Amino acid sequence: MPEINRRQRQKLGYAYTFLSDPKAEVIRRYDLLHRGAGPKGTDVARPAEFLIDPSGTTRWVNLTENITVRARPEQVLKAFDEMQGKVVLRNYGQYGLLPGAIDGALQNQ
C-alpha cells in the first residue's frame, strides 16, 4: 500500500506524505475506526477533521459516521476564529472520546 499511496500522491501533485495504515493501527490510536463501513464491509477510518495548535493540543474535532460528510469550510474557519485565545472542543461526547485521550495520542507521536 505505501507504493500505491506514493503513486497516487505524485499523480495528484501533493507534496505531503499519505498515511498507509493497512493494520489500522493509527486509525485505532485516534479512535477513528469505523467497523464495516468500507467496501464489502471492510473497516475504514471515520471521517475526521482536527484543529491542532502549535503546542500539539487538539482544539477542535469534527467526527462523522458518514464517509461523504465533512466539515464545511465555514465551520472550520469559525472554529479557528473561536480557538484564538481559548480552547474549543466539539463533538467529543457524541463519540465517547475524551479530549485528553486525543491530546495524549497526538503528543506521543
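Being a predicted model, the structure only gives us computed values, none of them experimental.

**Quick notes on the packing of aromatic side chains**
Consideration 1: A complete count under the given rule lists two aromatic pairs for this structure.
Consideration 2: Pairing Y14 with Y16 gives two aromatic rings, centres 5.2 Å apart and planes at 35°, and the pair type is tilted.
Consideration 3: Its relative accessible area of 37% is what places Y14 among the partly exposed residues.

**Structural notes on the pattern of salt bridges**
Consideration 1: Per the stated rule, a full pass over the model turns up four salt bridges.
Consideration 2: In this structure, R35 and D43 form a salt bridge, with 3.4 Å as the shortest nitrogen-oxygen distance.
Consideration 3: Residue classification places D43 among the partly exposed residues on the basis of a relative accessible area of 38%.
Consideration 4: R72 serves as the salt-bridge partner of E74, at 2.9 Å between the closest nitrogen and oxygen.
Consideration 5: Shared partners join several salt bridges into a network, and the residues in it are E3, R6 and R7.

**Looking at the pairing of strand β4 (residues 58-63)**
Consideration 1: Counting buried residues in β4 gives six out of six residues, a clear majority hidden from the surface.
Consideration 2: The antiparallel pairing of strand β3 (residues 48-52) with β4 creates a hairpin that spans five residues between the two strands, and G56 there sits at a positive phi of about 90°.

**Points about the confidence of the model for the protein chain**
As a note on interpretation, predicted positions should not be read in detail where pLDDT is low.
Consideration 1: The pLDDT averaged across the protein chain works out to 74; a share of 76% of its residues lies at or above 70.
Consideration 2: Ranking the helices and strands of the protein chain by mean pLDDT puts strand β1 (residues 33-34) first, with 88, and helix α4 (residues 99-107) last, with 42.
Consideration 3: Low pLDDT (under 50) marks residues 87-109, which in the prediction has 45 contacts with non-local residues, meaning those over four places away or in another chain.

**Re the pairing of β3**
Consideration 1: Residues of β3 alternate between two faces, with E49 and L51 buried on one and A48, F50 and I52 left unburied on the opposite face.
Consideration 2: Bridging between β3 and β4 involves five bridges; their strand directions are antiparallel. Bridge pairing in β4 links F50 to V61.

Rules behind the numbers
Residues numbered from 1 in each chain as written. Predicted model: local features only at pLDDT ≥ 70, side-chain atom pairs only at ≥ 80, totals over all residues. Heavy atoms only, no water. Phe/Tyr/Trp six-rings, centres within 6.5 Å; stacked < 30°, edge-to-face > 60°. Buried < 20%, exposed > 50% of the residue type's maximum accessible area, 1.4 Å probe, protein only. Salt bridge = Lys/Arg side-chain N within 4 Å of Asp/Glu carboxyl O. Helix = DSSP H or I, 4+ residues; strand = E, 2+ residues; numbered from the N terminus. Pairing = 2+ DSSP bridges. pLDDT = per-residue confidence, 0-100. Contact = heavy atoms within 4.5 Å.

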